[in-house]
Amino acid sequence: MNAKNVHLLIATLALCVAGTSAGEEGRKQTAMGSGEMFDAIAPRYDLINNFLSLGMHRWWRSRMVAALDLQPGNTVLDLGTGTADVAIEVARNLKKKMDGGALASDAVVGVDPSHNMLAHGRVKVAAAGFHASAVRLVQGDAQDLSQTLKAQHKFDAATMAFAIRNVPDRLKALKSIASHLKPGARFAVLELGEPTFPPARWFVRYCVPFIGAMLSGGARAEYQHLEKSVLNFHSNEFAVLIKEAGLTLTSVRMMNFGAVGLYVAQLPVESAAAPAAAAASPPAADEAVDAM
């Protein structure tokens, strides 16, 4: 294995470690994968993620945003926005497309169930130079966006990074998201999965719970949840759910030894999120696998 692949392997494993954590109090009082669980880790989430992922998470996010092919004046919905890294990346992309012009209200709307993660996100949005009305962060559940957004509020694109596997009813969430997309809108999802590289797979199965507990002060249960959620997330099954939600899966790219997947879907122009009549695996011609 060359030095480049060693770096990629370390980044992949580190992201698995940084993906979620909580202290003893959080473990006793919150459900695994819930907004409350992420409330407990909000103060240290960015620090751990940035330190351990060796910057790779930024590159993955940039690829996801690039896949949207945003145009000037587009509006974007970011689900599982957390501390707003993706929302800010999208806002910068939009501003660049507008030659530095000011963004309109609700140019980017970030939704997340964690109050504390959003609080940190709002600080970062302001520090990045964006008005709170242009990059608006709101607390809500992707499974029922009707509680957060008006029915007529539809977007030109949507993103979701490393969050869909924590949603209890993924199909319900995908249908809810599709209902707030304009015909032709693109939806890009980044998500972890079981690595194909044996050492990485072994690490996720056996080392993540132990190392995560050490880093987070004893939160072994949270990292056992992470291990299970990663191993139980399957690309083909997710592709079927995307189609059942009425979206057309246009591409799948697996990165970092298959540990990170970038899924790009589109709401058909002739359909307003009508459920698909049948589901099938994504076309082989639209799939790609690379080490990065």
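Before any of the text, the structure's been laid out above.
Not measured: the values here are computed from a predicted model.

Some remarks on the packing of aromatic side chains
1) Next: Applying the stated criterion across every chain yields a total of four aromatic pairs.
2) Next: For the ring pair Phe-233 and Tyr-263, a centre distance of 6.4 Å and an interplane angle of 75 degrees mean the geometry is edge-to-face. Highlighted residues: Phe-233 in the loop between helix H9 (220-231) and helix H10 (235-244) and Tyr-263 in strand S7 (residues 260-266), separated in sequence by 30 residues. By the burial criterion, Phe-233 is buried, and Tyr-263 matches it.
3) Next: Here the aromatic rings of Phe-238 and Tyr-263 are separated by 5.0 Å at their centres, their planes lie at 80 degrees, and the arrangement is edge-to-face. A residue pair is termed long-range when its members are at least 10 positions apart, and Phe-238 in helix H10 and Tyr-263 in strand S7 qualify at 25 residues. Tyr-263 matches Phe-238 in its accessibility class, with the two residues each being buried.
4) Next: An aromatic cluster of three or more residues is present, and its members are Phe-233, Phe-238 and Tyr-263.

Brief notes about the environment of Met-254
1) Next: Within the secondary structure layout, Met-254 lies in strand S6 (residues 248-255).
2) Next: In this structure, the C-alpha to C-alpha distance between Met-254 and Ser-235, residues 19 residues apart in sequence, is 9.1 Å.

Details of helix H6 (residues 115-127)
1) Next: Here H6 is 13 residues long and its end C-alpha atoms lie 19 Å apart, about the 18 Å a rise of 1.5 Å per residue gives.
2) Next: Along H6, the positions that sit buried rather than exposed are Met-117, Leu-118, Gly-121 and Val-125. The buried residues of H6 occupy an angular sector of 90 degrees when projected down its axis, which confines them to one face. For H6, exposure combined with an orientation more than 90 degrees from the buried face picks out Val-123, Ala-126 and Ala-127.
3) Next: Following H6 by one or two positions, Gly-129 adopts a phi angle in the positive range, close to 90 degrees.

Some details on the pairing of strand S2 (residues 108-112)
1) Next: For S2, a buried count of five out of five residues is recorded, marking the element as mostly surrounded by other parts of the structure.
2) Next: Burial along S2 is two-sided: the face carrying Val-108, Gly-110 and Asp-112 and the face carrying Val-109 and Val-111 are both buried.
3) Next: Once you follow strand S1 (residues 76-79) into helix H5 (residues 85-97) and on to S2, the crossover reads as right-handed.
4) Next: Examined bridge by bridge, S2 and strand S3 (residues 135-139) share five bridges and lie parallel to one another. Following the sheet pairing, Val-109 is matched in S3 by Arg-136.

Thoughts on the environment of Asp-156
1) Next: Position of Asp-156 relative to the elements: it lies in strand S4 (residues 155-161).
2) Next: The spatial distance from the C-alpha of Asp-156 to the C-alpha of His-180 is 9.1 Å, given a sequence separation of 24 residues.
3) Next: Setting aside chain neighbours within four positions, we find Asp-156 in contact with Gly-73, Asn-74, Thr-75, Lys-182, Ala-185 and Arg-186.
4) Next: Here Thr-75 takes part through its backbone nitrogen, which lies 2.8 Å from a polar atom of the side chain of Asp-156.
5) Next: Of note is the side chain of Asp-156, whose polar atom sits 3.2 Å from the side chain of Lys-182.

Some points on the packing of helix H4 (residues 56-67) against H5
1) Next: At a minimum axis distance of 10 Å, the contact between H4 and H5 shows a crossing angle of 50 degrees. By the criterion of interaxial angle, the relationship of H4 to H5 is oblique. In the crossing of H4 with H5, the sense of the turn from one axis to the other is right-handed. Facing H4, whose interface residues are Arg-61, Ser-62, Met-64 and Val-65, H5 presents Asp-85, Val-86, Glu-89, Val-90 and Asn-93.

What about the environment of Lys-175?
1) Next: Mapped onto the elements, Lys-175 comes out in helix H7 (residues 170-178).
2) Next: In the structure, Lys-175 is positioned 70 residues away from Ala-245 in sequence and 4.8 Å away in space, judged by C-alpha atoms.

Considerations on unusual backbone geometry
1) Next: In this structure, Asp-69 takes a positive phi of about 50 degrees despite not being glycine.
2) Next: In this fold, Asp-69 is placed in the loop between H4 and S1.
3) Next: Among the residues examined, Asp-69 registers a relative accessible area of 44% and is labelled partly exposed.
4) Next: A positive phi angle is found at Asp-99, which is not glycine, with a value near 55 degrees.
5) Next: On the secondary structure map, Asp-99 appears in the loop between H5 and S2.
6) Next: Given the relative accessible area of 76%, Asp-99 is considered exposed.

Conventions we followed
- The written sequence of each chain sets the order in which its residues are numbered from 1.
- In keeping with the predicted nature of the model, local features appear solely for residues at pLDDT of at least 70, side-chain atom pairs appear and are counted solely at 80 or more, and the whole-chain, interface and lining totals rest on all residues.
- Just so you know, side-chain values use all the structure's heavy atoms and leave hydrogens and water out.
- Classification of ring pairs uses Phe, Tyr and Trp, with its six-membered ring standing for Trp, and accepts pairs whose centres are within 6.5 Å; under 30 degrees between planes counts as stacked, over 60 as edge-to-face, and the remaining range as tilted.
- We count a stretch as a helix when DSSP gives it H or I for four or more residues in a row; a strand needs E for two or more, and each element gets its number in order from the N terminus.
- Exposure classes here rest on a 1.4 Å probe applied to the protein chains alone. A residue is buried below 20% of its type maximum, exposed above 50%, and partly exposed in between.
- How far a helix is expected to stretch is found by multiplying one less than its residue total by 1.5 Å.
- The directions considered for the arc are those from the helix axis to the C-beta atoms.
- Every crossover in which the path from the first strand over the helix to the second runs clockwise, viewed with the strands pointing away from the viewer, is termed right-handed.
- Between any two strands, at least two bridges found by DSSP are needed for them to pair.
- Contact between two residues is taken to exist if any of their heavy atoms lie within 4.5 Å; hydrogens are not considered.
- N or O atoms within 3.5 Å of each other form a polar contact, as long as, within protein, one can give a hydrogen and the other can take it, and as long as residues adjacent in sequence are counted only when both atoms are side-chain atoms.
- Axis geometry follows a simple rule: fit a line to the C-alpha atoms, using only the stretch in contact for helices, then measure angles between N-to-C directions, giving values from 0 to 180 degrees.
- Angular relationships are summarised with four words: roughly parallel below 35 degrees, roughly antiparallel beyond 145, roughly perpendicular across 65 to 115, and oblique for the angles in between.
- Put simply, a crossing is left-handed when the front helix is turned counterclockwise from the back one by less than a right angle, and right-handed when it is turned clockwise.

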